[in-house]
Structures are given as structure tokens and as C-alpha cells.
Amino acid sequence: MLQEIRQPWSWVYIVSFLDFFGVSMILPVMSTHLRGLGISYVDIGLLSSVSGMTQLIFGPIIGSWSDIQGRHTVLFLTLIVCSSVYGLMGIVSSFYLFLILNSVLGAAQHTMMLCQAYIADIVPVNKQPAVNGLTNAFMAFSFMIGPIIGGHVMEIDGGFQYLTAIVSLMLIFNSAIVFVFGNVHKTAKKEKTKNVSALNQVIAIFKDLLVIDWKKYWVFLSLKFLFAMSGMLFFQNMGIILTDSFDLTPRYMGYTISFYGLISFISNLNVGRIKSLNIFPKNNYESLMYMFCVMAVTFYWLYIVENCWLFLAGLVPLAASNALAEIVMTEVLVEQTDASSRGSMMGVSASVAAIVQIFAPFLSGLIASWGGISSALRVSSLISATACFITLRKSRKVHVKSQ
């Protein structure tokens, strides 16, 4: 693993870690801070929805812009914008100002998507699974420690202001890393865009999105939607399920969630080793079929068990299959795209996840009113089984073509 860290692209690990570390410190305490300012629950929900909508709209635009202008420039500028937004969040108190800031943040915060495109551009194909796995491991680790540190800082008088200042400084540091190290390697940047006006670049962004062969990607985008929806339904209801079904206190609920994060962390660290095993399918769609099958069975297992320890045991295959599926889906997208359209499609992929973030809470509420909160696990199992069926058909088509 140390050999993987000591590579020319190692700066990506630091940028990914610090970006998600900042988000994981701010996100859990944001609602508490907003309530302290007198903002209603409805308005807090509106802020979240607006952020999701701007992510949905700007994901493909930012991705296409990075195809045209270069990953280095776009990543540097978006980090500067995000740093400024977080800094301002610590000093404003108006709902309307938060609405504007959340909109800007949703439009600009696409660090993960840009880093994935960067990895696809500069890392040799045979090393990409290990690099993506290590990047995800750093992010999983940040989500393990970020909420704990954020909670402690919030207990200080004026804690939210300290948090936003810390996150803003971290993102400035991130932008400095990108500025110094991110331009060493040549990444996607179309020659025809040199010395072109800003207006023509904007027109080129939308032209590139329009010429994409969308039929080519419908299977991938469908799988991305199903994968994100099954996971979102689970994570949104996990805390309530643990409390209602097993009477866990918030402390032990936190330990359970951290345990899931630990398994994800270990799985991501070992993605390269797992993929190098002879038993691991070489066809990525076949790999996804097995992973979605494991998810479907595990979600249903979590639904039927009545013992907390058995629930905990079920989290192990779920976290491992989830982590592996995330990496393999990135590989599938990289295989289907070239450098000139990779950013655009990764942006579209991020937008699919944003659609899920918008509609999953509504679907979760419908499921809870229909069959109880635990029924979300049954629906997640059904969604994963559907994805398993799609990948089964796709993998068979790939086998036929190869013959």
C-alpha cells in the first residue's frame, strides 16, 4: 500500500481526504446550526433540495467544462469557490443568504467527480482499481473521524464559525495542492479551445453534451440510479431502524455506523488485491452482477433478522460489496468513454446520484407509511435484485460478442 501512496498522483488522495473531511465535519451539524438561527425545518429541507437541484444541473456542465478547459483549471477554480462559500456560511444568518450559498456550493462542489476523471486520465489502466480504492478508503476514513471532530468543535462557543473557517482554510490548502501538483500531467483539454472566448467555451460545453450518444450509456446510468437509490434508502433509515428495532442508544448507533465505515475502509484498501484474484471475473458487468446479488440478499437479511449482532454481521458483506461495486462502476464508465467526453459523463453520473438525493426522502416516506420503516430494506433488496438482473443480461451480451 505504501508503494501505491508514493506515486506522482498521490496528491489526489490528500485532496479527496481533505474535501470529504470538511464536508463530514459540517454536514452533521448544519441542521442544528440552522435551527439555532430560527430557520424552520421546512426551510432547512428546502436548502437541502436546492443544493441537490444545483448539483443535478451543474454536474454535467462542470464535467464538460473540465473536458474542454482541463481538469487542473476547473478543479482549482471550484475549490476556491467552495472555500469562499464555506467561509461566508460562518458569518451569515439570513435564510435567503444561505439559500444563495447552498446553490453556489451545489454548483461548484464536484471534487470527487473531477478527481475520478483525473485518475482515469493520468493513472495506467491496470493500476486504476487500486488507486480508486485507496481514494475511496481515504474518504471513508474522513467520514469516520470528521463527525466526531465536528461535534466536539460545535460544543465550543461559536463552534460553527470555527468549523467553517477550518473547512475554508482546508479547501484553500487543497487548491494550492492542485495548483502546484495538478498540472504536472497532461489531462483532457481539447486543442481547439485554446485562445477561445468565454462565451464560445460555454457554447462548446453544451454542444459536447448534446453530441453524446446517450443510448450507449443507458445501462450504466440505470445501474447508477438503482445502486444509489438502494444505498440511499438504507442509509437514510439506518439510524431509525437501529433505534426502533434494537433500542440502541445514540452512542451505540454511532458505533454501528462507524463499524460499517471501517469495513468500507478495509474493503477499499484491498480492492487491488481482490481484483487480482483468479476467482474475480474479468468482465466488469459479471462482477457487478455478483455484487448486486450479494446486496440484494444482505438487504433482505437485515430486514428479517431480530438480533442486533446478526444485523451487525450483515453489514460486513453489504459494506464490502458496496465498496467494490463503486470501484467497478467507475471502471465501466472509464472503459466506455475517452478523455474528450469522460468529464461530461462523470458529471452526468453525479447528476443521477443527485436525482436520487432529491427523490429518495419522498420515496422513503411513502415506504414508511405503507409498511413501516424497516420496509425500506425490503425495497432496497428488490432494487438491488433488479440491478442484478440487468447486469446478468448485459454480461451475457458481452460474452456473446466476445465469442
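Residues numbered from 1 in each chain as written. Predicted model: local features only at pLDDT ≥ 70, side-chain atom pairs only at ≥ 80, totals over all residues. Heavy atoms only, no water.

Some points on the packing of helix α3 (residues 41-69) against helix α5 (residues 95-108)
As a packed pair, α3 and α5 sit with axes 6 Å apart at the nearest point and diverge in direction by 30°. By the angle between their directions, the pair α3 and α5 is classed as roughly parallel. The element α3 and its partner α5 pack so that their crossing is right-handed. In contact with Asp43, Leu46, Leu47, Ser48, Val50, Ser51, Thr54, Gln55, Phe58 and Ile62 of α3, α5 contributes Phe95, Phe98, Leu99, Asn102, Ser103, Gly106 and Ala107. (Axes fitted to C-alpha atoms, helices over the stretch in contact; angles between N-to-C directions. Helix = DSSP H or I, 4+ residues; strand = E, 2+ residues; numbered from the N terminus. Parallel < 35°, antiparallel > 145°, perpendicular 65-115°, else oblique. Left-handed = near helix turned anticlockwise from the far one by under 90°. Contact = heavy atoms within 4.5 Å.)

Topic: helix α6 (residues 111-122)
Taking 1.5 Å of rise per residue, 12 residues should cover 16 Å, and α6 covers 16 Å from first to last C-alpha, within 8% of that figure. The element α6 is largely enclosed, with a buried count of 12 among its 12 residues. Along α6, the positions that sit buried rather than exposed are Thr111, Met112, Met113, Leu114, Cys115, Gln116, Ala117, Tyr118, Ile119, Ala120, Asp121 and Ile122. (Expected span 1.5 Å × (residues − 1). Buried < 20%, exposed > 50% of the residue type's maximum accessible area, 1.4 Å probe, protein only.)

Regarding the packing of aromatic side chains
Aromatic ring pairs are described here by two measures, namely the spacing of the ring centres and the angle between the planes. Per the counting criterion, the structure on display carries 15 aromatic pairs. Ring centres of Phe17 and Phe21 lie 5.5 Å apart, and the angle between their planes is 10°; on these two criteria the pair is classed as stacked. Here Phe21 and Phe17 lie together in helix α2 (residues 11-36), a separation of four residues that amounts to about one turn. Pairwise contacts between aromatic rings join Tyr13, Phe17, Phe21, Phe138, Phe141 and Phe265 into one cluster. (Phe/Tyr/Trp six-rings, centres within 6.5 Å; stacked < 30°, edge-to-face > 60°.)

Here's the deal with the side chain of Asn283
The topology assignment puts Asn283 in the loop between α12 (271-276) and α13 (284-304). For Asn283, a relative accessible area of 13% translates into the label buried. Within the local environment of Asn283, its side chain forms a polar contact with the backbone nitrogen of Tyr285, the two atoms lying 2.8 Å apart. (Polar contact = N/O pair within 3.5 Å; in protein donor to acceptor, adjacent residues only side chain to side chain.)

A short note on a nonpolar patch on the surface
A surface patch of nonpolar side chains, about 300 Å² in accessible area, is lined by Val81, Leu97, Ile100 and Val104. The element contributing the most residues to the nonpolar patch is α5, with three residues. By secondary structure assignment, the location of Leu97 is in helix α5. (Patch = residues over 30% accessible without salt bridge, like charges linked within 9 Å, V, L, I, M, F, W, Y side chains within 5 Å. Areas by Shrake-Rupley, 256 points an atom, 1.4 Å probe, with all protein chains shown as cover. Salt bridge = Lys/Arg side-chain N within 4 Å of Asp/Glu carboxyl O.)

Details of the pattern of salt bridges
Overall, the coordinates contain three salt bridges when judged by the stated rule. The partner of Lys224 in a salt bridge is Glu326, with the nearest N and O atoms 3.8 Å apart. Of this pair, Lys224 sits in helix α10 (residues 218-246) while Glu326 is found in helix α14 (residues 308-336), placing the two residues 102 residues apart along the sequence. Given a relative accessible area of 26%, Glu326 falls into the partly exposed group. Through salt bridges with shared partners, one network takes in Asp67, Arg71 and Asp121.

Overview of the confidence of the model for the chain
Here the chain averages 83 in pLDDT, while 88% of its residues score no lower than 70. Counting interchain partners and residues more than four positions distant, the pLDDT-below-50 stretch residues 187-193 has 22 contacts. (pLDDT = per-residue confidence, 0-100.)

A short note on the nonpolar core
Among the nonpolar cores identified, the biggest contains 109 residues, and Leu223, Phe234, Leu288, Phe292, Phe311 and Leu315 are the most heavily contacted of them. For this core, the leading source of residues is α10, giving 14 residues. Beyond its immediate sequence surroundings of up to four residues, Leu223 is in contact with Tyr285, Leu288, Phe292, Met329, Ala387, Ile390 and Thr391. (Core = buried A, V, L, I, M, F, W, Y, C linked by side-chain atoms within 4.5 Å.)

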